[in-house]
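Listed here are the chains, written in short residue letters.
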Amino acid sequence: MEMYDLIIKNTTIIDGSGEPGFKGSIGIKEGKITLLPVDTEDRAEKIIDGKGLITCPGFIDSHSHGDMILGTHFGSLAKINQGITTQVTGMCSYSLFPVSEKYCKTWIDNCYLTLPETGAPKEMGTFTSASNYFNYARKLAIPENVRPLVGSGALRCAVMGDESREPTNTELTEMKALLKEAMEAGAAGMSTGLIYLPSTYELSPEITELAKIVASYGGVYTTHIRNESTKSIEAIKEAIEVARETGVRLIISHHKLQGKACWGMSKETIELMEAANEEGLDVSCDQYPYTACMSLLADCCPSKYYSEGLSGIVNYLENPITREKIHQEMMDEHADYENYYINSGGWSGIYIASSYRLPEAANKTIQEYADETGMDPFDAYCKIMIANDGAVGAIYYTMCDEDLIRIIKYKNTAVCTDGLLKSEHDMTHPRAYASFPHAIRVFVKEKHLFPLEEMIRKMTSFTADRYYMKTKGLIKNGYDADILIFDYDKLTDKASYSEPTLLCEGFKAVIVGGKIVYENQHLTGENPGRILLMR
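Computed from a predicted structure; not experimentally measured.

Visitor: Mind showing me how you'd approach the nonpolar core here?
Guide: In a soluble, globular protein the nonpolar side chains are often hidden away together inside. Among the nonpolar cores identified, the biggest contains 132 residues, and L297, M330 and Y381 are the most heavily contacted of them. It is helix α7 (residues 232-246) that provides the largest number of residues to this core, a total of 7 residues. The residues contacting M330, other than those within four sequence positions of it, are C300, C301, Y337, N339, Y341, I342, W347, F378 and Y381. In this structure, I54, F436, V442 and F507 belong to the second largest nonpolar core, which totals 30 residues.

This is the structure we're talking about:
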């Protein structure tokens, strides 16, 4: 008889492939999986009785901002409590590396990386290369695994700050050198966030030149496209053209359609992605399973006012002349930018998640706050922005169920959180704590869109394949023992927009690298998590 570190006996195994579940047992030794018969007589230091429970691969978060709080207890709990054992980070052009001595403070101050509770890592000034950052990250005690990307915004800011212009040939060469170093050090690819500073200044030729390097190393290009509203078709075409010119694998980040004017357009966007795949390209997307998004409250303002960062937007709002100009542009349904105010249907569709310096405005819509204070809603908006120096988190009710369902039903859609937390009790979007069980509850239990096996495929092996994780995402002999054990009937999400940090229920155990990292809704203190590099 074989001796294992851990055996999960007599359980229903959903292996992550999409195939029907089956009865069996699993042996774990030195962090690897061995499939065993139901009635195995092998021994182990610890045995878990899986009768009546489901065992599947650990979920993989296809799009996470968890690197901003990597190494914090609350950051890990947000992931592990919903069954995430690996997160892909460095999204929307934001990574903590590379920085330069000249522009490090610019990257921290103007690019929203300073978090109220944690702040930027004290070592951040040393993250002048991917290698330096990876060496730092390896020393962190974490229960979850991390697959890092490099953000194009970080590349750009390291070389040219947040200047609103195209790079010179010399600057582009410097950016390419930084990206090459990151790919050689093991980054899985590059992300853009084409509505965020300074990535919003990146034009297609610049992106294409960088994507060529990513493709040459077999990496992935993920993009928060330039517009997720009425110009989504054009934005996705732009991303596909980059893939066509470079051959890079493309992932459309947190695909959604925002604002009633474009509801239903997902039929066309999916057709675009599928046509690209039929052409021989490699295009997919991910989605968080909610009809409200979360971003900065500043995103209501036209993007041209971002040229001096958040502080610059606040200055414009404090100036009576530019304040009124912004007001008029914001109210214009035909304004030439992705208008979060219009997309939300007005002030009643914009919920203030966090307002640290004006707490009485939090946990209510701008319209509700305006009604309470007797203010005009736009004046209330300005007051909240100015009081917080622009650093306000907002939830925007912009999407519809029809698109949400059509996108998740697309065969090439993975599940993600797009989760970003600032503190242990942050009033954030519930997706940060609950996306994966929420997707199972809504799409499998309530709407019966898929069998559970297919939903789990979208959360495990599909994402592992997208990001070239060769030994993750499946319950298979020799694969990494990142495993979930849960009671399907009890599995559910509790987090809401008013209480976003409530923990999910139904997990008996979460296992990473063969170690039990979560039991009884608590982290165990085991930290087997690793930085998963491509090289």
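Visitor: Would you mind showing me how to read the packing of aromatic side chains here?
Guide: Two numbers describe a pair of aromatic rings. These are the distance of the centres and the angle of the planes. For the structure shown, the criterion picks out 17 aromatic pairs. Arranged with centres 5.3 Å apart and planes meeting at 70°, the rings of F97 and F134 form a pair that is edge-to-face. One end of the pair, F97, is in the loop between β7 (84-89) and α2 (104-110); the other, F134, is in helix α3 (residues 130-138), with 37 residues separating them in the sequence. By the burial criterion, F97 is buried, and F134 matches it. Note on F486 and F507: the rings are 6.1 Å apart at their centroids and 75° apart in plane angle, and the pair reads as edge-to-face. One end of the pair, F486, is in strand β19 (residues 483-486); the other, F507, is in strand β20 (residues 507-512), with 21 residues separating them in the sequence. Its relative accessible area of 10% is what places F507 among the buried residues. Through pairs of rings, three or more aromatic residues link up here, namely F97, F127, Y133, F134 and Y136. Taking the ring centre of Y288 as reference, the NZ or CZ of R431 above it sits at 4.4 Å. Its guanidinium or amino end placed over the ring of Y488, K445 lies 4.7 Å from that ring's centre, counting from NZ or CZ.

Visitor: Just to check I follow, could you spell out the confidence of the model for the chain for this structure?
Guide: Per-residue pLDDT for the chain averages 95, and the proportion of residues at 70 or more is 98%. Taken element by element, the predicted model of the chain shows its lowest mean pLDDT in α2 (85) and its highest in strand β6 (residues 59-61) (99).

What counts as what
- Residues numbered from 1 in each chain as written.
- Predicted model: local features only at pLDDT ≥ 70, side-chain atom pairs only at ≥ 80, totals over all residues.
- Heavy atoms only, no water.
- Core = buried A, V, L, I, M, F, W, Y, C linked by side-chain atoms within 4.5 Å.
- Buried < 20%, exposed > 50% of the residue type's maximum accessible area, 1.4 Å probe, protein only.
- Helix = DSSP H or I, 4+ residues; strand = E, 2+ residues; numbered from the N terminus.
- Contact = heavy atoms within 4.5 Å.
- Phe/Tyr/Trp six-rings, centres within 6.5 Å; stacked < 30°, edge-to-face > 60°.
- Lys NZ or Arg CZ within 6 Å of the ring centre and 35° of its normal.
- pLDDT = per-residue confidence, 0-100.

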